[in-house]
Amino acid sequence: MKSDHVVVIGAGIVGAASAIWLRRAGFDVTLLDKGTPGMGASYGNGCILASASVVPVTGPGLIRKSPAYLADPNFPLFMRWSYLPKLVPWLVKYLSHANETDTRRISQGLTTIVSDSLEQHQALTVGTQAAKWVQESSYSFVYSDKAAFEADAFTWQLRREAGFVPEIIEGAAVQELEPILGAESQLLAVLKNHGFILNPGNYVQDLVKLLEEMGGKFVQTEVKDFTLDKGTVSAVDTSAGRIYCDKAVVSSGVWSKPLMAKLGLNVPLEAERGYHIVFKEPSQRPNNPMMLTAGKFVATAMDQGVRCAGVVEFGGLNETPSKAPLKLLRRKVQELFPDLTYASQEEWLGFRPAPTDSLPLIGELNGTGVFAAFGHHHIGLTGGPKTGRLVADMIAQNRSNHDMRPFEPMRFGTGK
């Protein structure tokens, strides 16, 4: 058994998975979070283990289309305009990747992290109480007709190259498979070997309980800084005092950026404001998780009801929800699920960590013993267990068959 002490900062899905795999590798592990485990971005996702999410938002043509998207009240992209001046430097770098060459490169990197998501969640939880939250399923992409599906040809080409080939279902068979869908949805592209989490918040909290049962620790405290000894981390300074360690993992989502700045790394990362609504006691449920392409949201039958998640807004870390994104999401849900009724609703706003190149940061910072494991944008729940396993392997010095260069945390340099 290794006796090195590793501190993991951030108790979302990535941090919890990192801590468990490190503990299984024999390390002493302390997991830290300023809040309740699993209640950040890991709580509010679409619940889907979206192994086919190998295509970044910044696809070819986005620069040309963006102004029209922002001006269209029916398109799920919003901007808090007062935040735009601060956003511009990040946005310029983000849009610079909206070309075919970069999209293909990013897609290959994302495939490493997400393509075996279901298997990674199962490996993380096998034989534990947390396994009950992991459900196997198909994943359906819903289109109005064949022309709408064919308009996504480039996206589906990248998915096929990653090994995801859909079964196409058309016409009345769509409603036979998914009665919740209205008549205007006339095509499903169905992918097998996917999954979903019945309750992401409870799932992560059970993972933290598992860590404690394995002899690891969880401490609720805020990390303030790092202490380095001859360039290598020796302690983490928190609101509860100094915690000595041999290695540290930073997996705190959007809150990782200021921690990286303490080590001299300026990460071009912005908070993408994401929304969901849970429709409780619903009259209908999707039989499998689905992406509603006409509304750019996902719908999943989870234990609290039907969760509909989507809508992108840029506007920083302001915790006040905007009305327009939620209003649009409700309207799209009503259009696509016309017969859905429910007893009540629950709204949520959270912050996804979005690097300019849509790839997470995974790896050690300049020999400091501090490892990055954040920046997963839309794929945090999907890619969390694989990321945790990769980080644990790095710290344990186990050789990897994966090309980790796309995730190099120093790829942005240290300049301001």
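Residues numbered from 1 in each chain as written. Predicted model: local features only at pLDDT ≥ 70, side-chain atom pairs only at ≥ 80, totals over all residues. Heavy atoms only, no water.

Chemist: Describe the sheet that holds strand S19 (residues 370-374), with residues and values.
Modeler: Taken in spatial order, the six strands make up an open sheet running S8-S2-S1-S12-S19-S18, and their pairing is mixed. With one partner strand each, in any of the chains shown, strand S8 (217-220) and strand S18 (361-364) form the two edges of the open sheet. Geometrically, the sheet is characterised by an average inter-axis angle of 20 degrees between neighbouring strands, direction not taken into account. Against the sheet, helix H1 (residues 13-24) touches strand S1 (5-9), strand S2 (28-33), strand S12 (247-250) and S19, its axis set at about 170 degrees to S2. (Pairing = 2+ DSSP bridges. Helix = DSSP H or I, 4+ residues; strand = E, 2+ residues; numbered from the N terminus. Axes fitted to C-alpha atoms, helices over the stretch in contact; angles between N-to-C directions. Contact = heavy atoms within 4.5 Å.)

Chemist: Let's hear about the side chain of Ser18: which residues, and what values?
Modeler: Along the chain, Ser18 falls in helix H1. In contact with Ser18, other than residues within four places in its own chain, are Val8, Val249, Gly388 and Val391.

Chemist: So what's going on with unusual backbone geometry? Residues and values would help.
Modeler: For Asn366, which is not a glycine, the phi torsion comes out positive at approximately 45 degrees. One can find Asn366 in the loop between S18 and S19. For His377, which is not a glycine, the phi torsion comes out positive at approximately 55 degrees. Along the chain, the position of His377 falls in the loop between S19 and helix H12 (380-395). Take His377: its relative accessible area is 7%, and that puts it in the buried class. (Buried < 20%, exposed > 50% of the residue type's maximum accessible area, 1.4 Å probe, protein only.)

Chemist: I'd love a proper account of the pairing of strand S16 (residues 305-314), names of residues and values included.
Modeler: Most of S16 is tucked away, with ten of its ten residues classed as buried. Strand direction decides the pairing type here: strand S4 (residues 77-79) and S16, joined by three bridges, are parallel. Residue Phe78 lies in a different strand from S16, and its bridge partner there is Glu313. Counting the residues between successive antiparallel strands, the hairpin from strand S15 (residues 297-302) to S16 contains two residues.

Chemist: Could you give an account of the packing of H1 against helix H5 (residues 117-125), with specific residues and numbers?
Modeler: When two helices pack together, their arrangement is given by the angle between the helix axes and by the axis-to-axis distance. Remark: H1 packs on H5, axes separated minimally by 11 Å, with the N-to-C direction vectors making an angle of 55 degrees. It follows that H1 is oblique to H5 by the angle criterion. Pair H1 / H5 crosses with left-handed handedness. Listed contacts from H5 to Ile13, Ala17, Ile20, Trp21 and Arg24 of H1 are His121, Ala123 and Leu124. (Parallel < 35°, antiparallel > 145°, perpendicular 65-115°, else oblique. Left-handed = near helix turned anticlockwise from the far one by under 90°.)

Chemist: So what's going on with the packing of aromatic side chains? Which residues, and what values?
Modeler: What describes a pair of aromatic rings is the distance from one ring centre to the other and the angle between the planes of the rings. Under the criterion given, the structure shown has nine aromatic pairs. On the basis of an interplanar angle of 50 degrees and a centroid distance of 6.4 Å, the ring pair of Tyr43 and Trp348 is categorised as tilted. Residue Tyr43 is found in the loop between S2 and strand S3 (48-49), and its partner Trp348 is found in strand S17 (residues 344-355); the two are separated by 305 residues along the sequence. The class of Tyr43 is buried, set by a relative accessible area of 12%. Geometrically, the ring pair formed by Trp90 and Phe314 is tilted, given 5.3 Å between the ring centres and 50 degrees between the ring planes. With Trp90 in helix H3 (residues 84-95) and Phe314 in strand S16, the pair connects residues that are 224 residues apart, well separated along the chain. For Trp90, a relative accessible area of 5% gives the class buried. Classification of Phe314 by relative accessible area gives buried; the value is 6%. Every member of this aromatic cluster is reached through a ring pair, and the members are Tyr139, Phe141, Tyr143, Phe149 and Trp156. (Phe/Tyr/Trp six-rings, centres within 6.5 Å; stacked < 30°, edge-to-face > 60°.)

Chemist: Residue-level account of the packing of H5 against H12, with values.
Modeler: One can describe the packing of H5 onto H12 by two numbers: an axis separation of 8 Å at closest approach and a directional angle of 60 degrees. It follows from the interaxial angle that H5 and H12 lie oblique. Every pair of crossing elements has a handedness; the one defined by H5 and H12 is left-handed. In this structure, H5 contributes Ser117, Gln120, His121, Ala123 and Leu124 to the contact, and H12 contributes Leu381, Thr382, Pro385, Lys386 and Arg389. Broken down by class, the residue content of the contact of H5 with H12 amounts to four nonpolar, four polar and two charged. (Nonpolar A, V, L, I, M, F, W, Y, C, P; charged D, E, K, R; others polar.)

Chemist: Could you give me a rundown of the nonpolar core, with the residues and numbers involved?
Modeler: With 47 residues, the main nonpolar core has Val8, Leu22, Tyr203, Leu207, Val249 and Ile395 as its most contacted residues. Those elements that place two or more of their residues in this core are S1, H1, S2, helix H4 (100-114), H5, helix H9 (200-213), S19 and H12. Of all the elements, H1 adds the most residues to this core, at eight residues. Other than its neighbours up to four places away in sequence, Leu207 contacts Ile13, Ala16, Ile20, Leu124, Thr125 and Ala130. Of all hydrophobic cores here, the second largest spans 26 residues; its members include Val142, Leu188, Met290 and Leu336. (Core = buried A, V, L, I, M, F, W, Y, C linked by side-chain atoms within 4.5 Å.)

Chemist: Describe the pattern of salt bridges, with residues and values.
Modeler: One pass over the structure, following the stated rule, counts 18 salt bridges. Between Arg104 and Glu100 there is a salt bridge, with the nearest N and O atoms lying 3.1 Å from each other. Linking Arg104 with Glu100, this pair stays in helix H4, spanning four residues, or about one helical turn. Residue Glu100 is classed as partly exposed on the basis of its relative accessible area of 42%. (Salt bridge = Lys/Arg side-chain N within 4 Å of Asp/Glu carboxyl O.)

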